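These are the residues of each chain, in order.
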Amino acid sequence: MYSLEKAFQVGPLRLLKRMNSKNACKTCAVGMGGMKGGMVNEAGHWPEVCKKSLQAQVADMIGALPADYFDKYSLAELEKLTPKQAEDAGRLSYPVVLDKGATHFKPITWEAALNHIESALKSTTPDRTAFYSSGRSSNEAAFLLQAFARVYGTNNVMNCSYYCHQASGVALKMAFGTGTATVELEDLTRCDLVVLLGANPASNHPRLMTQLANLRARGGRIIVVNPVRESPLESFHVPSQIKSLFFGTKIASTYIQPLPGGDVAFLVGVLKSLIEKRRVDNEFIDNNAEGAAEVLNYARNSDWSDLVTNSGTTKEEMEECADIIYDSKRTIFAWAMGLTHHASGVDNVLAVCNLAIATGNVGKPGAGLLPIRGHSNVQGIGSVGVAPALQDSVRQSLETIYGTKITDAPGLDTHAMIDACGKGDLDFLFALGGNLWGSNPDSNWAKESMARAKTIVYLSTKLNPGHFHGKGETTVILPVLARDEEPQATTQESMFNFIRLSEGGKPNIQGQMRAEAEVICDIANRVLGKTPFDWTSLRDYRKVREIISKTIPGWQEIGTIDDTKKEFTITGRVYHTPRFNTTSGKALMHPTPLPDPIKGGLALITLRSEGQFNTVVYDEYDFYRGMPHRFCILMSEKDAQGLNLKDGQSVAVRGEAGRMENIEVVIGKIRQGAVAMFYPECNILIKANIDARSKTPAFKSAPVWIEV
Ligand SMILES: Nc1nc2c(c(=O)[nH]1)N[C@H]1C(S)=C(S)[C@@H](COP(=O)(O)OP(=O)(O)OC[C@H]3O[C@@H](n4cnc5c(=O)[nH]c(N)nc54)[C@H](O)[C@@H]3O)O[C@H]1N2
Ligand SMILES: Nc1nc2c(c(=O)[nH]1)N[C@H]1C(S)=C(S)[C@@H](COP(=O)(O)OP(=O)(O)OC[C@H]3O[C@@H](n4cnc5c(=O)[nH]c(N)nc54)[C@H](O)[C@@H]3O)O[C@H]1N2
Ligand SMILES: [Mo]
């Protein structure tokens, strides 16, 4: 609905032109658009239609925030805005500041805003500052941000992946020495089985659905592992295929509904079944893997009854999946937040890697590991160094280029950074996009913690509640251009390790918005001066790309992309032969102990509705799950009966961190023991239960209790 209404508001022709422009899609990381135009995928297929990119596009094209907006609404009123009201308020087109103790934000000039930032950075020490990036910005802006932060003197540099796919990066690095997908888009056309765990691509990666539908059309199979029976994963209407559009295409051939957090046990069970039937690929393991004995012994010695209880699935289901994987010649294992958002997130992904290795399904065409990434450029932002730790080679190159030593103090992860704010250890926080407050567990804790920072600076395209709840003593919001409005070309990296070029364009609205990279250059120039390095020279993105090509492994081709216009796959990432990036060149298997189940209550899964992009809400209802608004709890018939609840009844939900009243019970297709609510609103309920290795909170297995 949102898309249609707004499409008419901005004008269908204008919108179509934008959709076809040569810019990488702004929504998820499947990676559409770029130099072949907005509706073409990496393999050159057209048309790839997606309601989500339409939504993101129209959202940037609606009018500017009125000039008197912040006079009209006090901070107290702004704090009451829902995510949708904040989003619908309009594009940010002028810088604003909330001074210490003020009741209203007020417009300021860019000069005054930059002066403020300069003096904030000069009046503190680098260890008391932190730099966060969401995943929408360009590689160029992200590279500049981390380079500036390091030269200024801090490794407190992080991106939203700590709340997203960090567990995938950590586990894939442990197993294969590289933190990203081992497959490219073409591989999805070569596989005969996809095991899709903890992901809802129908809403979040719609263009992946075409690949899944095509797989079924050529006789392949799909195992879906998800506590929720997501109806479009049973049957989906592919918009670009006429027959499918009207009659639907079957997606899952097998649907398994484990308990939230039950995936390790389920995957160990599948491995155990393969071992018992002598179906492990011993030849592959002997030649290409290390650590197998311990992992296989662990599965062999696990009790079926423990695996059944811990996973919430049956022995027959685990055996059936083992049989299907054994029958397949080329399997791709794909997953998203259903695996990473747990205190056992890294183990979840390691268990997937173990299964892929044990069945020889990695290191050959058409088979491998595919973390389904979030934001359109979240992978690129990590690749170009927006993470606390830098590879040694990158550090050395940066030291040479910028003529300075880079600190080796360990940087903070995202959660640790909010914690540091709360302890009074941070004075300055810089956010390149995103909604840092809204992304955090325990919203009240996040708000109180952030309030202790002296200065918080946001570079944003639109307003969101994070600007009002995630405020420091002083808060500055700077309006920026979206990638298809930038005067210069920028680049993005897809989840298939493919670099796209976005040619930019004209601003959708009139205003004082600036390019993100330009703002960062200006700040660096003011704080660090022109010697030994002239930061203003990097206002020319070609120069930034030249530096990236010399510093970031596998990115050489970006140095000539302005002339060649050739988009490319980063070298050394995709594995079509079983030689990995580990010291021995072999894949490494790691034992995955069964996680402790949650103590008491129902297991809350917090998820995205069909009509939202992360903390940005476009439509209040969820069409697919039958949830009429944001304040619903999805529950199984059995749990509702056990608690004496009826569909439509209003209840209170209590979590470890907070309580929400007036929540409507929706009885639906979720397994017993699990309930689901929408993020970010329900973050008020969740205490941060962090995975020790990925530092990611358990957003998908938080205990809650229903109170009538
Ligand atoms: N339209 C749209 N697109 C998006 C986004 C968006 O908000 N809107 N967000 C982007 C971002 S940043 C990301 S990270 C991705 C998110 O993409 P997803 O990971 O698909 O999003 P979630 O809604 O978090 O849902 C994860 C799925 O995991 C299942 N699940 C929950 N717990 C478990 C579990 O313990 N085990 C298993 N096996 N499954 C479980 C849930 O039922 C749900 O179907 O999408 C990206 N694309
Ligand atoms: N309970 C719970 N919490 C979660 C999750 C969950 O599933 N459950 N998911 C987690 C995940 S996977 C993620 S990735 C995080 C999301 O974390 P973030 O990336 O921090 O949040 P977003 O909601 O994507 O940020 C949206 C805002 O980004 C700004 N923006 C949009 N486009 C641009 C641009 O081009 N440039 C700039 N500078 N700004 C832009 C707009 O102001 C918009 O309001 O949340 C995490 N938190
Ligand atoms: Mo994400």
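The structure contained in this document is the topic of the report that follows. Being a predicted model, the structure only gives us computed values, none of them experimental.

**Topic: the site of ligand 1**
N226, E230, D263, Q612 and N614 are the nearest of the 30 residues found near ligand 1. At 2.7 Å, a side-chain N or O of N226 approaches an oxygen atom of ligand 1. In the model, an oxygen atom of ligand 1 is placed 2.9 Å from a nitrogen or oxygen of the H342 side chain. Protein chains bury 99% of the 920 Å² of accessible surface belonging to ligand 1 in isolation. For the shell around ligand 1, the per-class residue count stands at 12 nonpolar, 13 polar and five charged. Summarising the domain contributions, the shell around ligand 1 has at least three residues from each of domain 3 (172-373) and domain 4 (602-707).

**Quick word on the sheet that holds strand 11 (residues 331-335)**
Strand order in the open sheet formed by five strands is 9-6-5-11-12, and the pairing between neighbours is parallel. Each having just a single partner strand, strand 9 (254-256) and strand 12 (368-371) make up the two edges of the open sheet. This sheet shows a mean twist of 15° between the axes of neighbouring strands, independent of strand direction. Across five bridges, strand 5 (residues 193-197) lies against strand 6 (residues 221-225) in parallel orientation. Looking at the pairing, V194 lines up with I222 of strand 6. Packing against the sheet, helix 12 (residues 206-217) makes contact with strand 5 and strand 6, and its axis sits at approximately 130° to strand 6.

**What about the packing of aromatic side chains?**
With the rule as written, the count across this model stands at 17 aromatic pairs. An angle of 85° between the planes, with centres 5.8 Å apart, marks the rings of Y163 and F699 as edge-to-face. Pair noted here: Y163 is in the loop between strand 4 (157-159) and helix 9 (166-176) and F699 is in the loop between strand 26 (674-678) and strand 27 (702-707), with a separation of 536 residues, a long-range link. Here Y163 falls in the buried class, since its relative accessible area comes to 8%. Given the relative accessible area of 5%, F699 is considered buried.

**Examining the sheet that holds strand 16 (residues 490-493)**
Strand order in the open sheet made by the three strands is 16-17-18, with antiparallel pairing throughout. Either end of the sheet is taken by a strand with one partner, and the two such strands are strand 16 and strand 18 (568-569). In terms of strand pairing, strand 17 (residues 498-502) meets strand 18 through two bridges, oriented antiparallel. Bridge assignment links F498 to a residue of strand 18, and that residue is T569. Where helix 8 (residues 139-152) meets the sheet, its contacts fall on strand 16 and strand 17, and the angle it forms with strand 16 comes to roughly 90°.

Cut-off values and rules
- Residues numbered from 1 in each chain as written.
- Chains lettered and ligands numbered in written order.
- Predicted model: local features only at pLDDT ≥ 70, side-chain atom pairs only at ≥ 80, totals over all residues.
- Heavy atoms only, no water.
- Near = heavy atom within 4 Å.
- Polar contact = N/O pair within 3.5 Å; in protein donor to acceptor, adjacent residues only side chain to side chain.
- Areas by Shrake-Rupley, 256 points an atom, 1.4 Å probe, with all protein chains shown as cover.
- Nonpolar A, V, L, I, M, F, W, Y, C, P; charged D, E, K, R; others polar.
- Domains from an automatic or database assignment.
- Pairing = 2+ DSSP bridges.
- Helix = DSSP H or I, 4+ residues; strand = E, 2+ residues; numbered from the N terminus.
- Axes fitted to C-alpha atoms, helices over the stretch in contact; angles between N-to-C directions.
- Contact = heavy atoms within 4.5 Å.
- Phe/Tyr/Trp six-rings, centres within 6.5 Å; stacked < 30°, edge-to-face > 60°.
- Buried < 20%, exposed > 50% of the residue type's maximum accessible area, 1.4 Å probe, protein only.

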